[in-house]
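Letter by letter, the chains look like this.
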Amino acid sequence: MKVCIAYMHGKPVMLELRDDIAYIDDEPQPIKNLSNETLQAFSDSISAIPYSADPGYDALVNAKRAAFLVDLLAMAVGDDCVSRLTHILDHVHYDVMEYLGETGDSDA
């Protein structure tokens, strides 16, 4: 199963489980105890959000992604994997904070 865990620089970041090995954008990652059921539950939680063209929809999806990334961080092994997940989480979190107007980048 493959799920989108973020959009960075306009491109989807995909997490896939192949033969019980997690891959982020086709690179293996040491994420322990990740299951297809976990990926399915995440995918279902995203699908349960009614689509809207409103920017709030993207913010809500990204908030779900951020929560999932935090769960992945708890299962990650090694500095490189933790660093990669943290970098992805930073992007997703920033997008949510930008929607909420809490990035400090005001136009006024």
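From a predicted model like this one, the values you see are computed outputs, not experimental measurements.

> Explain the packing of aromatic side chains residue by residue, including any values.
As enumerated under the stated definition, the model contains 2 aromatic pairs in all. Between phenylalanine 42 and phenylalanine 68, the ring centres sit 4.1 Å apart and the planes meet at 15°, which makes this aromatic pair stacked. Here phenylalanine 42 is found in helix α1 (residues 36-47), whereas its partner phenylalanine 68 is found in helix α2 (residues 55-75), with 26 residues between them in sequence. Where tyrosine 51 meets tyrosine 57, the ring centres are 4.9 Å apart and the plane angle is 70°; that geometry is what we call edge-to-face. On the accessibility criterion, tyrosine 57 (18% relative accessible area) is buried. A cation sits over an aromatic face here: arginine 18 above tyrosine 23, 3.9 Å from the ring centre.

> Could you give an account of the side chain of asparagine 62, naming the residues involved and the relevant values?
Looking at the secondary structure, you find asparagine 62 in helix α2. In this structure asparagine 62 touches Val92, Asp95 and Val96, once residues within four positions along its chain are discounted.

> How would you summarise the pairing of strand β2 (residues 11-18) if you had to cite specific residues and measurements?
The pairing of strand β1 (residues 2-8) with β2 spans 6 bridges and is antiparallel. The residue of β2 that forms the bridge with valine 3 is leucine 15. The loop that links β1 with its antiparallel partner β2 comprises 2 residues; one of these, histidine 9, has a positive phi angle of about 55°. Where β2 lies against strand β3 (residues 21-24), 4 bridges are found, and the strand directions are antiparallel. What sits directly across from leucine 17, in β3, is alanine 22.

Rules used in this analysis
- Position numbers for residues count from 1 along each chain, tracking the sequence in the order it is written.
- At least 70 in pLDDT is required for a residue's local features to be given in this predicted model, at least 80 for side-chain atom pairs to be given and counted, and no such filter applies to totals for whole chains, interfaces and linings, which use all residues.
- Heavy atoms throughout the structure, all of them, feed into the side-chain values; hydrogens and water do not.
- Any two of the Phe, Tyr and Trp rings considered here, Trp counted by its six-membered ring, make a pair once their centres fall within 6.5 Å; the pair's planes then place it as stacked at under 30 degrees, edge-to-face at over 60, or tilted in between.
- Secondary structure is summarised from DSSP: a helix means a run of H or I of at least four residues, a strand means a run of E of at least two, and numbering begins at the N terminus for each.
- Burial classification: accessible surface area is computed with a 1.4 Å probe over protein chains only, and a residue below 20% of its type maximum counts as buried, one above 50% as exposed, and the rest as partly exposed.
- We count a charge as sitting over a ring when the NZ of a lysine or the CZ of an arginine lies within 6 Å of the ring centre and within 35 degrees of the ring normal.
- Should any heavy atoms of two residues lie within 4.5 Å, those residues are counted as being in contact.
- Here, a strand pair is defined by DSSP locating no fewer than two bridges between the strands.

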